[in-house]
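Spelled out, the chains give:
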Protein chains: 2
Amino acid sequence: MGGAVSKRKNPVILQNFVDECGGENAVIPIIATATKVQEIGEQYVKLFKKMGAKKVSIVNIQKRSDCLKEESISKFLKATGIFITGGNQLRLSTILGGTPVAQLIRRLNADGVHVAGTSAGAAILSEHMISGGRSGETPTPRSVSLTPGLGLTNSVVIDQHFRQRDRLGRLLAAVAYNPFLIGIGIDEDTAVFIKHDHTFEVVGSGAVTVVDPSHIKHSTMSIARGSDAVNLVDIKLHVLAEGASYNLDTKEATVPEPQQ
Amino acid sequence: MGGAVSKRKNPVILQNFVDECGGENAVIPIIATATKVQEIGEQYVKLFKKMGAKKVSIVNIQKRSDCLKEESISKFLKATGIFITGGNQLRLSTILGGTPVAQLIRRLNADGVHVAGTSAGAAILSEHMISGGRSGETPTPRSVSLTPGLGLTNSVVIDQHFRQRDRLGRLLAAVAYNPFLIGIGIDEDTAVFIKHDHTFEVVGSGAVTVVDPSHIKHSTMSIARGSDAVNLVDIKLHVLAEGASYNLDTKEATVPEPQQ
């Protein structure tokens, strides 16, 4: 989810998530570690309960030692979905990284448990995470900082608040560093739902920008220095709105037939 | 291999590699893409042949389209070992990344084919690669640049020319970003041989510095800015010389019994 997800007017993204997790049978632990604002986690508890989920609770993780506690681990045991709030993604990687909680999230996700996050909580999901960077600029070697994330997928790098904060430059820089990555830039109040078959569908009021560098013909990323603008020739770009989908294996986008 | 590997006096590291690959039956394609100095690849061809390997050849990859050529792919087909020279690791990630050659190297390695590299060729091997950074400084958020590598392992991050270029600060910064990583700093003329059982052994005239952040108690990496020095409390550090080994799963070092 690209951040600033609608919680009131038309909360279709969050309702979709709760429904995917089993509706009233959903068991959803919430990780609010990215933020120090305690109310944020509590807002999601209320919201998910209002949407029908009966078992929703915050996992109290403020420091690494909390990730070793039986009290934290036990919250995940019957989870049908895990939700990670926004905040600072480096709090997530530095506090959760390498702990039993991070290992548990990876294992549960591999077993089919849904893992969703908004803003920083979306950034942390992939193996390669954008932890910082510049907005509104042409891609340069310094446009983006990459650090290791939770590693639920290694084939994509996720950026959020995408159009609102003008982050195309830093997403292009990220994929240019190693063109095996597909870049996914998610607008606010917008989400992708990645399925087992490596396709994802777009939901929400904004768009998702996909940058596919796999057929890049020319790149100066290896020789550019600091804030030099880089040449990147033949990057494929898609802008996908609600209902469109994308296959991460074949790298093909599908848009719904227009309604008559 | 940590760079500047002895090729003349006592080339124990390279001889070990050739022996592991089957000695005279070894089939070794060499990737010299990291450097533009053509002689470097040719030096290794001569050297490996002198060490007994009969089938050694350079894979001619100067640009991404070379990675699609039948001529390049065919060099890997009966490989028993793959060798990647030093140079600029961003040339490796930007030219090989996401191509059939990168996929082939990953698949062959998963099937048991040895993959070795020196300097930039060592850095590229892991999923998280140090592509740049500062020498001789206290760890700060800006000490290190991480970019995606070949991904033969995701549990370690490798630095090289380690003691010679005073790179402890940037290796500490790398592992502090997400403490699931184990940092391996390899001195010049020194190597680690990682085995199937996730242990590695040290060979060569220098040492290997291991930084294990898994029990870190306190870190300010998530709040430090730019060139702020960071607090990192309770990082475990090992210095391992020839004959010592390390288990990446249990995170325990073993040193040989002293000779009487």
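Before reading on, note that the structure itself is shown above.
What comes next concerns the included structure.

The rules behind these values
Residues numbered from 1 in each chain as written. Chains lettered and ligands numbered in written order. Predicted model: local features only at pLDDT ≥ 70, side-chain atom pairs only at ≥ 80, totals over all residues. Heavy atoms only, no water. Contact = heavy atoms within 4.5 Å. Buried area = accessible area lost by both parts, 1.4 Å probe. Polar contact = N/O pair within 3.5 Å; in protein donor to acceptor, adjacent residues only side chain to side chain. Helix = DSSP H or I, 4+ residues; strand = E, 2+ residues; numbered from the N terminus. Nonpolar A, V, L, I, M, F, W, Y, C, P; charged D, E, K, R; others polar. Buried < 20%, exposed > 50% of the residue type's maximum accessible area, 1.4 Å probe, protein only. Pairing = 2+ DSSP bridges. Lys, Arg positive; Asp, Glu negative; His and termini not counted. Salt bridge = Lys/Arg side-chain N within 4 Å of Asp/Glu carboxyl O. Axes fitted to C-alpha atoms, helices over the stretch in contact; angles between N-to-C directions.

## A closer look at the interface of chain B and chain A
Counting from both sides, the interface comprises 28 residues of chain B and, opposite them, 28 residues of chain A. Carbon and sulfur atoms supply 56% of the area that chain B and chain A bury against each other, a total of about 2400 Å² over both sides. Put simply, chain B and chain A have 16 residue pairs in polar contact (both at pLDDT 80 or more) between them. Those elements that provide at least two residues to the side of chain B that touches chain A are helix H4 (89–96), strand S6 (144–148) and helix H7 (168–177) of chain B. In terms of residue count, H4(B) provides more of the side of chain B that touches chain A than any other element does, four residues in total. Partitioned by chemical class, the residues of the side of chain B that touches chain A number 11 nonpolar, 13 polar and four charged.

## Some thoughts on unusual backbone geometry
Even without being a glycine, A:Asp234 presents a positive backbone phi close to 75°. As for its placement among the helices and strands, A:Asp234 is situated in the loop between strand S13 (232–233) and strand S14 (236–240).

## Re the pairing of strand S3 (residues 81–84) of chain B
All names here are of chain B. Burial of the side chains of S3 extends over both faces: Gly-81 and Phe-83 are buried on one face and Ile-82 and Ile-84 on the other. Examined bridge by bridge, strand S1 (residues 27–31) and S3 share two bridges and lie parallel to one another. Across the sheet, the residue bridging to Ile-31 is Ile-84, located in S3. Inspection of the sheet shows S3 paired to strand S4 (residues 114–117) by four bridges, in the parallel sense. Looking at the pairing, Gly-81 lines up with His-114 of S4.

## Some thoughts on the side chain of A:Asp189
Residues and elements named next belong to chain A. Checked against the element boundaries, Asp-189 lands in the loop between strand S8 (182–186) and strand S9 (190–194). Buried Asp-189, no salt bridge; nearest opposite-charge side chain is Lys-7, N-O distance 9.0 Å. Discounting residues that sit within four places of it in the chain, Asp-189 has contacts with Gly-3, Ala-4, Val-5, Ser-6, Ile-13, Gly-204, Ser-205 and Gly-206.

## Here we look at the sheet that holds strand S16 (residues 252–254) of chain A
Residue and element names in this part refer to chain A. With antiparallel pairing, the four strands of this open sheet are ordered in space as S9-S10-S15-S16. Either end of the sheet is taken by a strand with one partner, and the two such strands are S9 and S16. Between one strand axis and the next, the sheet turns through 25° on average, direction left out of account. Two elements, S9 and strand S10 (residues 199–204), share five bridges in a ladder whose sense is antiparallel. For Ala-191, the partnering residue across the bridge sits in S10 and is Val-203. Sheet contacts for helix H1 (residues 12–20): S9 and S10; angle to S9, the most-contacted strand, approximately 20°.

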